[in-house]
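# Observations on chain architecture
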Amino acid sequence: MTTLSAAVGRTLAACGIRHAFGVVGGGNILATAALTASGVRYTAARHEGGAMAMADAYYRATGEVAVCTTTHGPGLANAATPLAEAVKNRSGVVLLCGDAPLAGPRPHDIDQSAFAASLGVPVVRLSDPATARREIAGAVRTARARQCPVAVFIPGDLSGAAVPADEPEPDTAADPVSPAYPVADGPAGAAPPQDLARAVAALAGARRPLLLAGLGAWRSGAGKILLELGDRLGALYATTVMASGLFHDSPWSLGVCGGFADPAAAALAGEADVIVAFGARLDTFTLHGGRILDPAATVVQVDLTAGPTAERVDVHVRGDAAVVAAQLLDALAAPVPPPPGWRTGATARALPAGWAARPYEDASAGGRIDPRTLTSALAPLLPARRTVVLDGGHFIGWPAMYWRIPDPAGLVFTGAAFQSIGLGLAGAVGAAVGRPDRTVVAAVGDGGALMGLPELDTLIRTGRPALVVVYDDAAYGFEEHMYAPQGADSATMTFADTDFAGVARALGAAAATVRTVDDLDVVRSWRDRGSPGTLLLDCKVVSGVVAPYLADLIAPRTAG
């Protein structure tokens, strides 16, 4: 006899799932056993929130759907923050949980379907063992095709129920859940003719065009076609943070658009008269609070959403980034006259530059290192083949400014979509096991590191090469810089010093406390030895140096 729990695990493996992350309990332990027995690799997290963040990071680093599995009730509730993050990142994850019995909820149960729906997660509740295999296969297809998390719930009184042996093959059934977000009309994500015509008209009159690529452009494979389109238009290129590295080989790339942009490159972006954003949400960080773009510029957004995602959009084109880019290339068959001086001026003014070339006054003092000095000194010491994982916090400006990202799969920025912290160490685990060909370099703040500390143990247990850089200013730096000038109590945002190096050693990692550039010799030695295991740097950084992106956000509030 095949039980429902066994059928769940076997079907997920048959659907191509290669890795699962989780914390087991009564609601999911049998299904997890079936997963591992079917050859699915399993990483045991220390917290359900960590497991969900790992699965999200795994997808973002590999493009492969992973499973996060938790028990019912509190297990699911613990995964809420990274689950919301995965929804906003459009990450393909199957969330496998126990659930309340069909006979009725127990005292510790919650309405999990309503809970998941409130976060925008489609739900499959396996209420009929006879259709379970088909429903599970459909959930995987939906997660994969729609790029979204899908929750699969196993009612407690059906976990051991018999599944018919003569059920039809799983891949013959239609998807049992609706799309997590609207998809484009027409063949394979093509733009409607009226939308395409408006975009073509905008580009036909452009004198200083800029093509801006987001994560959606990377996932659709639009990089090459965008380069061709840009060459036909004589355009410059830029990316959102999430698509960092997509155009790094182009001589016409401005790099990242937003608060992390080099000032000269940002100034050039501000001169563009037509901006076409492919697969980018155009949030306030990409637009740097509205400072990046000329108010008179025309903004065209190409995205799978049914309508614009920002007020700044003038023309919305609903469609897949790669497909629409090809449509535009065909529609602009005759080369557009190159704008005089747009590309040549860009080369002379900004493209050779970058934050590393900009001088600053080193603020290192009192046994604490300037974060700019730290980050720029680390840059040449980092492994060439790397995945950079960022947590949320004030410190994110420094790696974004000074560290090169090889391609969008080489950056896992946790917490950005949902504005949270504490997911970076878990994200490092997902990236490390998903891309063993790359060394993980995780940058976290001290606040986020303490919040997600249990998953440092998980990262160490994986045995994968990983460099963890803790920007330790003994505070919630973002809040301190943003709100202390407005009268907030600093005591609510600052802490006593934490010995992260000592904690890491106790968990089995190599570690060093960094107060000067000389203390970074340990990284060179670790790298020369083949980067064995986890090396944690407890970097005691100067707290008073404010990242430029945050300084720009603070200025209007201070003036107000």
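The rules behind the values
- Residues numbered from 1 in each chain as written.
- Predicted model: local features only at pLDDT ≥ 70, side-chain atom pairs only at ≥ 80, totals over all residues.
- Heavy atoms only, no water.
- Disulfide = S-S within 2.5 Å.
- Pairing = 2+ DSSP bridges.
- Helix = DSSP H or I, 4+ residues; strand = E, 2+ residues; numbered from the N terminus.
- Axes fitted to C-alpha atoms, helices over the stretch in contact; angles between N-to-C directions.
- Contact = heavy atoms within 4.5 Å.
- Buried < 20%, exposed > 50% of the residue type's maximum accessible area, 1.4 Å probe, protein only.
- Parallel < 35°, antiparallel > 145°, perpendicular 65-115°, else oblique.
- Left-handed = near helix turned anticlockwise from the far one by under 90°.
- Salt bridge = Lys/Arg side-chain N within 4 Å of Asp/Glu carboxyl O.

## Topic: the state of the cysteines
Tallying each qualifying case throughout the model produces 0 disulfides. The structure places no disulfide on Cys97, whose sulfur is separated from the nearest cysteine sulfur, that of Cys68, by 6.8 Å.

## Focus on the sheet that holds strand β11 (residues 253–256)
On the basis of which strands lie adjacent, the open sheet formed by 6 strands has the order β11-β10-β9-β12-β13-β14 and parallel pairing. Two strands in the sheet have a free side with no partner beyond their single neighbour: β11 and β14 (315–318). Taking each pair of neighbouring strands and ignoring which way they run, the sheet shows an average axis angle of 15°. Bridge analysis of strand β12 (residues 274–278) against strand β13 (residues 298–303) gives 5 bridges, and the strand direction is parallel. Bridge pairing in β13 places Val274 opposite Thr298. Across the sheet, helix α8 (residues 193–204) is in contact with β12, β13 and β14; its angle to β14 comes to roughly 135°. Here helix α10 (residues 223–233) sits on the sheet in contact with β9 (209–213), β10 (236–239) and β12, set at roughly 170° to β9.

## Some details on helix α16 (residues 424–434)
Among the 11 residues of α16, 11 are classified as buried, and the element is accordingly described as predominantly covered. Buried within α16 we find Gly424, Leu425, Ala426, Gly427, Ala428, Val429, Gly430, Ala431, Ala432, Val433 and Gly434.

## Notes on the side chain of Asp109
Locating Asp109 in the fold gives a position in the loop between β5 (93–99) and α6 (112–118). For Asp109, a relative accessible area of 13% puts it in the buried group. Dropping the residues within four chain positions of it, Asp109 is found in contact with His72, Asp99, Ala100 and Pro101.

## Examining the packing of helix α3 (residues 48–62) against helix α5 (residues 80–89)
Where α3 meets α5, the axes come as close as 8 Å, and the angle between the chain directions of the two elements is 20°. The angle between α3 and α5 falls in the class roughly parallel. As α3 packs across α5, the resulting crossing turns out to be left-handed. Residue-level inspection shows Gly49, Met52, Ala53, Asp56 and Arg60 of α3 in contact with α5, the latter providing Pro82, Leu83, Glu85, Ala86 and Asn89.

## Things to note about the pattern of salt bridges
Inspection of every chain in the model, using the stated rule, returns 22 salt bridges. We note a salt bridge from Asp437 to Arg385, for which the minimum N-O separation is 3.0 Å. In this pair, Asp437 sits in the loop between α16 and β17 (439–445) while Arg385 sits in the loop between α14 (371–378) and β15 (386–390), placing the two residues 52 residues apart along the sequence. Given the relative accessible area of 38%, Asp437 is considered partly exposed. Three or more residues are tied together by salt bridges with common partners; here these are Asp472, Asp497, Asp538 and Lys540.

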